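Remarks on the overall topology
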Amino acid sequence: MKRKIVIATMNDHKASEIRALIGDRYDVMTQSSFSIPSVPETGKTFEENALIKADEVSQKTGLLTLADDSGLEVDLLQGNPGVYSARYAGPNATDAENNKKLLAELEEFKDEKISARFQSVIVLIDPVDGSKNIFHGSWEGRIILKPRGKNGFGYDPLFYIEDLESTAGELNQAEKNKLSHRAIAMRKVTDYLTKKTLDTE
């Protein structure tokens, strides 16, 4: 029987990406399967928010729990939107509203190269042995002021990767899952889980 792992998120896009990255070794569920409401993200860093979400869902389910907190850091905006990426234009902002606010704030820099990166911090809590591990991933790029691509979510249509001459919004999920900040962090998670399984066999 596959071991259950719960993704502490209410974001279906994020859950889909993480499911694809975990593969079929685990029975992957989300907190909505347990009717757990959204966990307030009151931390000031990605790490604090990921820990808050993982702790809450792990305590309520008693299962292996994974929580990701991630966002976009724009250098010309002193690292903003950062931990507020998902609610940059307000508590219930849509992706389109967040993108619109970001573009408005960057209008004055339209003649400059707008360097940016996506950051992902993933916390994995195992209530069986009490372990709590943290994994990081980063994806460098720049912001363009005209959206390109219909794939992905969030700021993907504005996030341009020089080497690919493409935005994250123009990549399919398989391509994005080889390169993204979340993919980098999740490779570290799966390597850890594989080693842990081998150590207990």
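Look a little higher up for the structure.
Predicted model only: the values in this text are computed from it and were never measured. (Residues numbered from 1 in each chain as written. Predicted model: local features only at pLDDT ≥ 70, side-chain atom pairs only at ≥ 80, totals over all residues. Heavy atoms only, no water.)

A few words on the overall build of the chain. Along the chain, the regular secondary structure elements total 5 helices and 7 strands. Compactness check: the chain gives a C-alpha radius of gyration of 17 Å against a globular reference of 17 Å for 201 residues, within 12% of the reference. Referenced to the eigenvectors of the C-alpha coordinate spread, the extents of the chain come out at roughly 55 × 35 × 25 Å. Sequence separation of 24 or more characterises 59% of the internal contacts of the chain that already satisfy a separation of 6 or more. Here the chain has roughly 10,400 Å² of accessible surface; of this, 50% comes from carbon and sulfur atoms. Charge-centre separation for the chain: the mean point of 27 positive side chains lies 3 Å from the mean point of 32 negative side chains. (Helix = DSSP H or I, 4+ residues; strand = E, 2+ residues; numbered from the N terminus. Rg over C-alpha atoms; globule rule 2.2 N^0.38 Å. Contact = heavy atoms within 4.5 Å. Areas by Shrake-Rupley, 256 points an atom, 1.4 Å probe, with all protein chains shown as cover. Lys, Arg positive; Asp, Glu negative; His and termini not counted. Charge placed at Lys NZ, Arg CZ, Asp CG, Glu CD.)

Moving on: the side chain of N49. Mapped onto the fold, N49 is located in helix α2 (residues 46-61). Note on N49: relative accessible area 0%, which makes it buried. In contact with N49, other than residues within four places in its own chain, are E41, T42, G43, D69 and V83. (Buried < 20%, exposed > 50% of the residue type's maximum accessible area, 1.4 Å probe, protein only.)

Note on placement: I161 falls in strand β6 (residues 159-161). I161 has contacts with W139, S166, T167 and A168, leaving out every residue within four places of it along the chain.

So, on to the sheet that holds β6. Across the sheet, 7 strands lie side by side as β2-β1-β3-β4-β5-β6-β7; this open sheet has mixed pairing. The sheet is open, and its two edges are formed by β2 (27-30) and β7 (166-167), each paired on a single side. Bridge count for strand β1 (residues 4-7) against β2 is 4 bridges, and the pairing is parallel. Of the residues in β2, the one forming a bridge with I7 is T30. Strand contacts of helix α1 (residues 12-22): β1, β2 and β3 (64-74), with the helix running at about 120° to β3, the strand carrying the most contacts. Of the strands in this sheet, β1, β3, β4 (115-126) and β5 (131-143) are in contact with α2, which crosses β3 at around 160°. (Pairing = 2+ DSSP bridges. Axes fitted to C-alpha atoms, helices over the stretch in contact; angles between N-to-C directions.)

Attention now moves to the packing of aromatic side chains. Inspection of the entire model under this criterion finds 4 aromatic pairs. Ring geometry for W139 and F159: centres 5.3 Å apart, planes at 55°, overall tilted. With W139 in strand β5 and F159 in strand β6, this pair connects stretches of sequence that are 20 residues apart. Of the two residues, W139 and F159, both sit in the buried class. A connected cluster of aromatic rings, assembled from ring pairs, spans F118, W139 and F159. Over the ring of Y88 we find K101; its NZ or CZ atom is 4.5 Å from the centre of that ring. (Phe/Tyr/Trp six-rings, centres within 6.5 Å; stacked < 30°, edge-to-face > 60°. Lys NZ or Arg CZ within 6 Å of the ring centre and 35° of its normal.)

With an omega dihedral of 0°, the bond running from N80 to P81 counts as a cis peptide bond. Located in the positive-phi region is S35, a residue other than glycine, with phi close to 55°. On the secondary structure map, S35 appears in the loop between β2 and α2. Since its relative accessible area comes to 65%, S35 is described here as exposed.

The tally for this structure, following the rule as stated, stands at 18 salt bridges. Here K176 and E17 are joined by a salt bridge, their closest N and O atoms 2.7 Å apart. Pair noted here: K176 is in helix α4 (residues 173-179) and E17 is in helix α1, with a separation of 159 residues, a long-range link. When sorted by exposure, K176 lands in the same class as E17, which is buried. Between K53 and D69 there is a salt bridge whose closest N-O contact spans 3.2 Å. Placement of K53 in helix α2 and of D69 in strand β3 is noted, with a sequence separation of 16 residues between them. Here K53 matches D69 in class, with each residue buried. (Salt bridge = Lys/Arg side-chain N within 4 Å of Asp/Glu carboxyl O.)

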